[in-house]
Amino acid sequence: MSRGRARRPAPAGNVRAAGLQALLLLLVASALQAAAAAGIGEEEPAAVDYGAALSKSLLYFEAQRSGRLPHNQRVPWRGHSGLTDGLQQGVDLVGGYYDAGDHVKFGLPMAFTVTMLSWGAIEFGDDVAAAGERGHALEAIKWGTDYFVKAHTEPFVYWAEVGDGDTDHYCWQRPEDMTTSRQAYRIDKDNPGSDLAGETAAALAAASIVFRRSNPHYSHLLLHHAQQVSDRSIDWIPPRHTLSPSWLASHSLRVCCAVYTVHGVQLFEFGDRYQGTYDSSIAEVRSYYASVSGYRDELLWAALWLHRATGRGEYLRYAVDRAESFGGVGWAMTEFSWDVKYAGVQVLAAKLLLEGDPQALEHRAVLEQYKAKAEHYLCACLGLNGGNGSDNVDRSPGGMLYVRQWNNLQYVSSAAFLLTAYSRYLSGSGSPGHLLRCPRGAAAPAELLALARSQADYILGRNPLRLSYMVGYGRRYPVRVHHRGASIVAHKANSRFIGCMQGFDDWFGRGRGNPNVLAGAIVGGPNCRDEFRDDRGNYMQTEACTYNTAPMVGVFARLHRLATAEEGCRTGSDEAECR
């Protein structure tokens, strides 16, 4: 969640009750913290089940769906919502994801969510498949990319947001009962948004790689869009009257990938040609998802993803030519998030060198600079940079990577992903000794993976409070999650309309746990002292966001595969994995 997102306080009539509840919760949390610190009542933490965490992670995205839900929807307490989105503007904007515990569809964090889901499916697709979750992973990506294609109504028009954060936060309603504004906001040539266009281009490019082996029926849905483009990348598509069933069956996957790539190419061209930040064009987003880092990191990010998706050298040259002016080799980062993409850009560039990409050879000098910055970020996570301490990522006493107070686990999950991915790149490279070389010592790929595992374990309950920060996982997890739909009785159980203020009066302020479990959601998490208060009004810690969970899908898949292999080695049931 963005720094500075506004929240409506509880109504005045509930202030005293809410205050007493908060005081009681604070006392209980303090007692638990003291008990944990003293070792009172401690028990051996349960074994971590990465497979269950992976399954629940993907389930969470079904709880965040907007639009008309499919028949195979697995979250029973959710219903259709946002069915008139875009109607006022004459466009179809039904679908997509709600970013967190409210009902605004914010384009920038939604696109980053899908990029990270896709990156996980690319790097760890075999691990996801081995866990039996490939289908659900593709569905999670597809729900986002279908919406992006809808929102890209013209080459230089993209619909950035549906709903208004200010009015939305003055209501506490189920999405099925929404009465708040569904005004839609767009970027175009006169109102640019290079950051949003770039991130969405990256998401579509990454998804195009994922769906090269996808279900053929998926591409049929996108065929209409494919017929309307004339980009060279799909000049092999025949005229409409020649599209026979046999042609569709043999070419549908290529159409799907090409559509994503073409929309990505157009959005990238849009963002590059008409430069500017989307929050300068859309004032309504500034209090919620302001683009603090600017748009240059997203354009570099999009260029490298388009290079990976298409193999075209011009996209790599774009990232090389603008490496310095766009900050790609200048910024030494200690965070990676929906807003700040530089660390991800730098890791993608380093991957080209580590894996010996032929196109990387002529740009080796610049790519080495990118690689040095990627390694700065990774060394910062490991605590192996020099300097006065600000060059490293802080740690809580319990070992959690700590960046900032509001929704810190988003930075933990994104760091865990980059550590896991780079560990793989380094292991498969020709790098001398396969080592990450940091100012305070070298680190082997196993050390990067061990840190990623420790962060995953912390999220799943191996922390001072013995509390899982993934909802629905383990014996103890947050039950008062700041989430409108989860905190109110399910519409299917009680279809009686719940109004804007009634939700605050009857549901927000009550001290009991949510009636619906938001399984797989990773909440904002504890503070720098490992302290956490499970209170619905404590949105900095108890609100979950899609971009908290998305990076962990790939991480959980990889850790589950490795844990399964280790168990097979111990029991002798899988000798092939032990070799």
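Each remark here, short or long, concerns the structure printed above.
Residues numbered from 1 in each chain as written. Predicted model: local features only at pLDDT ≥ 70, side-chain atom pairs only at ≥ 80, totals over all residues. Heavy atoms only, no water.

Soluble globular proteins: nonpolar side chains tend toward being buried together. The biggest cluster of nonpolar side chains holds 160 residues, and the ones touching the most others in it are Trp119, Tyr422, Leu436 and Leu518. Other than its neighbours up to four places away in sequence, Tyr422 contacts Val347, Ala350, Leu354, Lys371, Glu375, Leu378, Leu436 and Leu448. In terms of nonpolar packing, the next biggest core, distinct from the first, is built from seven residues, Val489, Ile498, Trp507 and Phe508 among them. (Core = buried A, V, L, I, M, F, W, Y, C linked by side-chain atoms within 4.5 Å. Buried < 20%, exposed > 50% of the residue type's maximum accessible area, 1.4 Å probe, protein only. Contact = heavy atoms within 4.5 Å.)

Following the criterion strictly, the structure yields 24 salt bridges and no others. Notably, a salt bridge pairs Arg78 with Glu176, separated by 3.0 Å at the nearest N-O pair. Separated by 98 residues along the polypeptide, Arg78 in the loop between helix H2 (50–63) and strand S1 (105–106) and Glu176 in the loop between helix H6 (165–168) and strand S3 (184–187) bring together distant segments of the chain. Across the salt bridge formed by Arg273 and Glu269, the nearest N and O atoms sit 2.4 Å from each other. Of this pair, Arg273 and Glu269 both sit in helix H9 (residues 245–273), four residues apart, roughly one helical turn. Taken together, the shared-partner salt bridges connect Asp127, Arg424, Arg558 and Arg561 into one network. (Salt bridge = Lys/Arg side-chain N within 4 Å of Asp/Glu carboxyl O. Helix = DSSP H or I, 4+ residues; strand = E, 2+ residues; numbered from the N terminus.)

With that out of the way, let us pick up the sheet that holds S1. Read from one edge to the other, the open sheet built from three strands follows the order S1-S2-S3, with strand pairing classed as antiparallel. In the strand order of this sheet, the two ends are held by S1 and S3, each with one partner. Of the strand pairs in this sheet, S1 and strand S2 (residues 158–162) are connected by two bridges, and their pairing is antiparallel. Along S2, the bridge assignment pairs Phe106 with Glu161. (Pairing = 2+ DSSP bridges.)

Following both chains from N to C, one finds helix H3 (residues 107–123) and helix H12 (residues 296–310) inclined at 35°, their axes separated by 13 Å at the closest point. Considering how the two elements wind past one another, H3 and H12 form a crossing that is left-handed. Residues Leu108, Thr115, Trp119, Ile122 and Glu123 of H3 lie in contact with H12, whose contacting residues are Glu298, Trp301, Trp305 and Arg308. Taken together, the residues of the contact of H3 with H12 sort by class into five nonpolar, one polar and three charged. (Axes fitted to C-alpha atoms, helices over the stretch in contact; angles between N-to-C directions. Left-handed = near helix turned anticlockwise from the far one by under 90°. Nonpolar A, V, L, I, M, F, W, Y, C, P; charged D, E, K, R; others polar.)

Turning our eyes to something else, we now look at the side chain of Ser66. Structurally, the position occupied by Ser66 is in the loop between H2 and S1. Since its relative accessible area comes to 0%, Ser66 is described here as buried. A polar contact of 3.0 Å, which involves the side chain of Ser66, links it to the side chain of Tyr98. Look past the residues within four positions of Ser66 in its chain and what remains in contact with it is Ser81, Gly82, Asp85, Gly95, Gly96, Tyr98, Lys105 and Trp143. (Polar contact = N/O pair within 3.5 Å; in protein donor to acceptor, adjacent residues only side chain to side chain.)

In this section: the state of the cysteines. Applying the stated criterion across every chain yields a total of two disulfides. For Cys171, the disulfide goes to Cys500, at an S-S distance of 1.9 Å. Measuring the twist about the S-S bond at about -100°, one finds the Cys171-Cys500 disulfide to be left-handed. Of this pair, Cys171 sits in the loop between H6 and S3 while Cys500 sits in helix H19 (residues 500–508), placing them 329 residues apart in sequence. Free cysteine: Cys381, not disulfide-bonded; nearest cysteine sulfur from Cys379 at 9.3 Å. (Disulfide = S-S within 2.5 Å.)

Now for unusual backbone geometry. In this model, Asn407 sits at a positive phi of 50°, which is unusual for a non-glycine residue. Secondary-structure assignment places Asn407 in the loop between strand S5 (401–402) and helix H16 (409–427). With a phi close to 50°, Arg466 is a non-glycine residue in the positive phi region.

Between H12 and helix H14 (residues 342–354), whose axes approach to 9 Å, the crossing angle comes to 30°. Between H12 and H14, the crossing angle belongs to the class labelled roughly parallel. Remark: the crossing between H12 and H14 carries left-handed chirality. Two secondary-structure elements touch here, H12 through Arg296, Asp297, Leu300, Trp301, Leu304, Trp305, His307 and Arg308 and H14 through Tyr342, Gly344, Val345, Leu348, Ala349, Lys351 and Leu352. Tallied by class, the residues present in the contact of H12 with H14 amount to nine nonpolar, two polar and four charged. (Parallel < 35°, antiparallel > 145°, perpendicular 65-115°, else oblique.)

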